[in-house]
Amino acid sequence: MSAALSSQCVVAVIGAGAMGAGIAQVAAAAGHRVRLLDNQAGAAARAVSGIAAQFDKLAAKGKLSAEQAQAASARLLVAEQLSDLADATLVIEAIVENLQVKQKLFCDLEALVGTDCILATNTSSISITAIGAALKRPQRLAGLHFFNPAPLMALVEVVSGLATDAPVGATLFATAAAWGKTPVHAKSTPGFIVNRVARPYYAEALRVLTEGGADCATLDACCREAGGFRMGPFELMDMIGHDVNFAVTRSVWNAYFCDPRFLPSLMQQELVDAGFLGRKNGRGFYCYDAQAEKPLPATEAAQPTPGEIVVYGSSPAARALAARLSARAVAFTQQSAQGELLARAGAATLCVTDGRSATRRAAESATPNTVLIDLALDYATATRLAISVAAQCALEATHAAVGLLQAAGFAVSTLRDVPGLMVMRTVAMLANEAADAVNQGVCDVAAVDTAMRLGVNYPQGPLAWANAMGVAQVGTVLGHLADTYGEDRYRTSPLIQHHIYAAKAFA
Ligand code: NAI
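The rules behind the values
Residues numbered from 1 in each chain as written. Predicted model: local features only at pLDDT ≥ 70, side-chain atom pairs only at ≥ 80, totals over all residues. Heavy atoms only, no water. Near = heavy atom within 4 Å. Polar contact = N/O pair within 3.5 Å; in protein donor to acceptor, adjacent residues only side chain to side chain. Areas by Shrake-Rupley, 256 points an atom, 1.4 Å probe, with all protein chains shown as cover. Helix = DSSP H or I, 4+ residues; strand = E, 2+ residues; numbered from the N terminus. Nonpolar A, V, L, I, M, F, W, Y, C, P; charged D, E, K, R; others polar. Domains from an automatic or database assignment. Contact = heavy atoms within 4.5 Å. Buried area = accessible area lost by both parts, 1.4 Å probe. Salt bridge = Lys/Arg side-chain N within 4 Å of Asp/Glu carboxyl O. Phe/Tyr/Trp six-rings, centres within 6.5 Å; stacked < 30°, edge-to-face > 60°. Buried < 20%, exposed > 50% of the residue type's maximum accessible area, 1.4 Å probe, protein only. Pairing = 2+ DSSP bridges. Right-handed = clockwise from strand over helix to strand, strands pointing away.

Turning to the site of the ligand, a few remarks are in order. Near the ligand you find 20 residues, and of these Met19, Asp38, Glu97, Lys102 and Ser124 are the closest. Between Asp38 and the ligand, the recorded distance is 2.6 Å, taken from a side-chain N or O atom to an oxygen atom. Glu97 is positioned with one of its side-chain polar atoms (N or O) 2.5 Å from an oxygen atom of the ligand. Computed on the free molecule, the ligand has an accessible area of 830 Å², of which 72% lies beneath the protein chains in the complex. Of all the secondary structure elements, the ones that give two or more residues to the shell around the ligand are helix H1 (18-29), helix H4 (99-110) and strand S6 (141-146). Of the residues that constitute the shell around the ligand, the class distribution is eight nonpolar, nine polar and three charged.

This part covers the domain arrangement of the chain. Domains assigned within the chain are domain 1 (10-188), domain 2 (196-281), domain 3 (309-414) and domain 4 (433-502). Each of domain 3 and domain 4 has a C-alpha centre, and these two points are 25 Å apart. In this complex, domain 3 contributes eight residues to the contact, which on the side of domain 4 involves eleven residues. Buried area between domain 3 and domain 4, both sides added, is near 740 Å², and the carbon and sulfur share of it is 59%. For the pair domain 3 and domain 4, the number of links is one salt bridge.

Turning our attention to the packing of aromatic side chains. Applying the stated criterion across every chain yields a total of eight aromatic pairs. Taking 6.0 Å as the distance between ring centres and 70 degrees as the angle between the ring planes, the aromatic pair formed by Tyr201 and Tyr202 counts as edge-to-face. Assessed through its relative accessible area of 1%, Tyr201 is described here as buried. With centroids separated by 5.2 Å and ring planes inclined at 25 degrees, the aromatic side chains of Tyr485 and Tyr490 adopt a geometry described as stacked.

Right, let's get into the pairing of strand S5 (residues 118-121). Of the two faces of S5, the one holding Ile118 and Ala120 and the one holding Leu119 and Thr121 are both buried throughout. Relative to S5, strand S4 (residues 90-93) runs parallel, the two being bridged by four bridges. By the bridge assignment for S5, Val91 is matched with Leu119. Following the backbone out of S4, through H4 and into the adjacent parallel S5, one traces a crossover that is right-handed. Here S5 runs beside S6; their pairing, made up of three bridges, is parallel. Of the residues in S6, the one forming a bridge with Ala120 is Ala142.

This is how it looks when you write it as structure tokens:
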């Protein structure tokens, strides 16, 4: 295991924008002398005073002593020109996202710094291998991908290009850890880990919205209140900005030679064309005018509690449903497992979605009164559940299913009968992408789960989630999505198939 760089080492940060300033703050807080350079006159000095103000704020909150804040600020130095960085042991570049400009900068640096100096780039989308190709010694270049805002976000992706020396990646990993971050190793591939594996969170939501599954507020509410995601996909895309999010989606799709897995949505294109970029200009999926009312999720009106309720088996959903009914003193009986049946409520048959539409499942199982429920992160604590109702289902049966779920304390949102509902198809596709990243040697299981929890705040790593619901269930959902849509986008990762046949969880 490589050691972290000593805090005696000088760290240079080039680019004093949002990311460079944050990274400089992190390195100075960790005890390094930091030289900050920007080619825009006054930018580095402004960033240095901004960081000093941050240290003062931390001192005011009691997170640093006044002496520590002062010492950290004193370690930050403005560099006037590239030659001021000659004594650096680590240079972190956070300039404009352009391959040629980054290559030129690293070539100039190569001629200047000592032979042991590590060169790192904070690029979020450019190949480390491609940047390194311009260097005489690409072995010492790696990605050090911080997340915004760098002082607050724990994750750092340490990205190795084809030529990167393993000890360089190991030193950066140890150094990021010494700076209080949680690093993960990744191989240089488009989107690295987070920007690749997160694509389905947006893509599946856009697909469900395009197919009229429900409105944005309802789908966002399902992702938050059943899926446990901190933000729904539409409010998140509005926050990121559709120009930025669409550009990342297109760049990952192009970089994978137009693999349909990453196909952008026409809806993103429309928003960008219309100039509806999200929060930053007041309109995206939602309207951010001061007078605009926040739309509420569509929620079923109260239905009477059905007289006859049976809960089947001991799946997590069944156990939680039974516990919730008991806690609310609702009368029900329990029976041993019967296939995939979750519950009966009056004439209704309830099952957890397996990626088929309710209508197809009703037809294939000769059970007209079929109602499907969506995946929840934890059925015991979820406050909302999405359902879909078979076209064949009688109205009284629908009402009974809704009444049962309401009696168990769920707000119920009925989606149009889209296959895999909202949370289930999203989580299955996140797990599929995470498995592909592991299968292709980009990172290991622990890294992808850590990256998605810390980089985008997912409530659970996608592969831990696959384990929790059963890898076989993920495979079933993906298989049904694939045969419903007939698209390569839903092909099951070979690693998921492997784990199903080996009857193994991800570890
Ligand atoms: P920014 O636009 O806020 O800052 C870039 C700074 O670099 C500007 O101050 C600019 O004057 C300076 N600059 C440009 N060319 C330069 C050069 N040749 N020499 C010296 N300084 C130069 O950009 P931001 O957002 O800080 O991004 C910087 C890098 O970090 C990009 O590669 C970006 O892809 C990456 N990144 C951005 C994230 C974000 O959320 N903004 C997250 C993770 C990575």
